[in-house]
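Each chain, letter by letter, is given below.
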Amino acid sequence: LFLYEYKNRNPEKPVSDRTMDKFRSILANFFKWCVSEKYLTENPMENVSQIKFEVKPREALDQYELEQIRYAARDDLRDSAIIEFLYSTGCRAAELIIVKKDDIDWNNKTVHLFGKGRKHRTSYINAKAEVTIKKYLESREDDSEYLFVSKRAPHNQLSVKTIEDIIRKIMKKCPDIHKTVTPHIFRHTTA
């Protein structure tokens with residue numbers, strides 16, 4: 001009943017099947033836990049089938065769009081370095097914000113990343129990213145251990161929301177790009 005009511009609550013703004021299946025999955029896991037902990041004897045979601053939804057192909061930037069974004073970010077060393085780092089490493093925003101200066105091995109052009117699933121992995125930095133990041137680091141006057149920090153003192157570690165805001169600000173300078181550009185699109189572009 002909840003799923004039905006939620007799906008039909010606002011006919012002018014329909015809820016996607018992907019969202020509905022996410023709710024179904026959450027409820028199924030919750031009730032499975034209730035049964036395993038002996039709060040319930042039966043799982044009311046046991047016979048509710050998975051809701052099928054269309055899996056859209058992942059969007060990526062083409063080379064022209066990537067160059068437009070690079071050009072739009074060129075006036076800010078930090079923002080430019082973030083763009084180059086995201087594209088070069090294919091990392092997630094949550095991984096980027098915890099990278100420390102010591103995580104980069106400049107000799108081998110590698111960076112140690114820690115992220116989703118509490119997994120450690122190694123990625124690589126291309127020449128363009130290396131040059132941009134080094135220029136950014138030379139311009140900094142703080143002693144923070146993090147690779148990317150806020151511009152104002154006390155130069156705190158950035159948040160995922162700040163990275164998203166930086167990308168949004170850059171995209172305002174790119175009116176020709178009609179894709180939704182988030183930090184994650186750089187990961188798809190790299191792939």
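What you see is a predicted model, and the numbers here were worked out from it, not measured in a lab. (Residues numbered from 1 in each chain as written. Predicted model: local features only at pLDDT ≥ 70, side-chain atom pairs only at ≥ 80, totals over all residues. Heavy atoms only, no water.)

**Considering the packing of helix 4 (residues 77-89) against helix 6 (residues 127-139)**
And step 1. Interaxial distance between helix 4 and helix 6 falls to 9 Å at its minimum, and their mutual angle equals 145 degrees. Judged by the twist between their axes, the crossing of helix 4 over helix 6 is left-handed. Residue-level inspection shows Leu-77, Arg-78, Ser-80, Ala-81, Glu-84, Phe-85 and Ser-88 of helix 4 in contact with helix 6, the latter providing Lys-128, Ala-129, Thr-132, Ile-133, Lys-135, Tyr-136 and Ser-139.
And step 2. Its residues assigned to classes, the contact of helix 4 with helix 6 shows six nonpolar, four polar and four charged. (Axes fitted to C-alpha atoms, helices over the stretch in contact; angles between N-to-C directions. Helix = DSSP H or I, 4+ residues; strand = E, 2+ residues; numbered from the N terminus. Left-handed = near helix turned anticlockwise from the far one by under 90°. Contact = heavy atoms within 4.5 Å. Nonpolar A, V, L, I, M, F, W, Y, C, P; charged D, E, K, R; others polar.)

**Some thoughts on helix 4**
And step 1. The end-to-end C-alpha distance of helix 4, which contains 13 residues, comes to 18 Å, matching closely the 18 Å that a straight helix rising 1.5 Å per residue would cover.
And step 2. Along helix 4, 12 of the 13 residues are buried, which leaves the element largely enclosed by surrounding structure.
And step 3. Buried residues of helix 4: Arg-78, Asp-79, Ser-80, Ala-81, Ile-82, Ile-83, Glu-84, Phe-85, Leu-86, Tyr-87, Ser-88 and Thr-89, and no others.
And step 4. For helix 4, the side-chain oxygen to backbone nitrogen distance between the N-cap and Arg-78 is 3.1 Å, and the N-cap itself is Asp-76.
And step 5. Among the residues trailing helix 4, Gly-90 stands out with phi positive, at a value near 70 degrees. (Expected span 1.5 Å × (residues − 1). Buried < 20%, exposed > 50% of the residue type's maximum accessible area, 1.4 Å probe, protein only. Polar contact = N/O pair within 3.5 Å; in protein donor to acceptor, adjacent residues only side chain to side chain.)

**Points about the sheet that holds strand 2 (residues 110-115)**
And step 1. The three strands lie next to each other as 1-2-3, forming an open sheet whose pairing is antiparallel. Across the chains shown, the open sheet's two edge strands, defined by having one partner strand only, are strand 1 (104-105) and strand 3 (119-124).
And step 2. Inspection of the sheet shows strand 2 paired to strand 3 by six bridges, in the antiparallel sense. Each residue of the ladder has a partner; that of Thr-110, found in strand 3, is Tyr-124. (Pairing = 2+ DSSP bridges.)

**Notes on the nonpolar core**
And step 1. Membership of the largest hydrophobic core comes to 38 residues, with the highest contact counts inside it found for Ile-69, Ile-82, Phe-85, Leu-96, Phe-148, Val-181 and Phe-186.
And step 2. Elements with a minimum of two residues in this core: helix 3 (63-73), helix 4, helix 5 (93-96), strand 2, helix 6, helix 7 (160-171) and helix 8 (183-190).
And step 3. For this core, the element with the most residues is helix 4, which contributes six residues.
And step 4. Those residues in contact with Phe-148, other than ones at most four positions away along the chain, are Arg-78, Ala-81, Ile-82, Phe-85, Leu-96, Tyr-136, Arg-140, Gln-157 and Leu-158.
And step 5. In this structure, Val-15, Met-20, Ala-28 and Met-45 belong to the second largest nonpolar core, which totals five residues. (Core = buried A, V, L, I, M, F, W, Y, C linked by side-chain atoms within 4.5 Å.)

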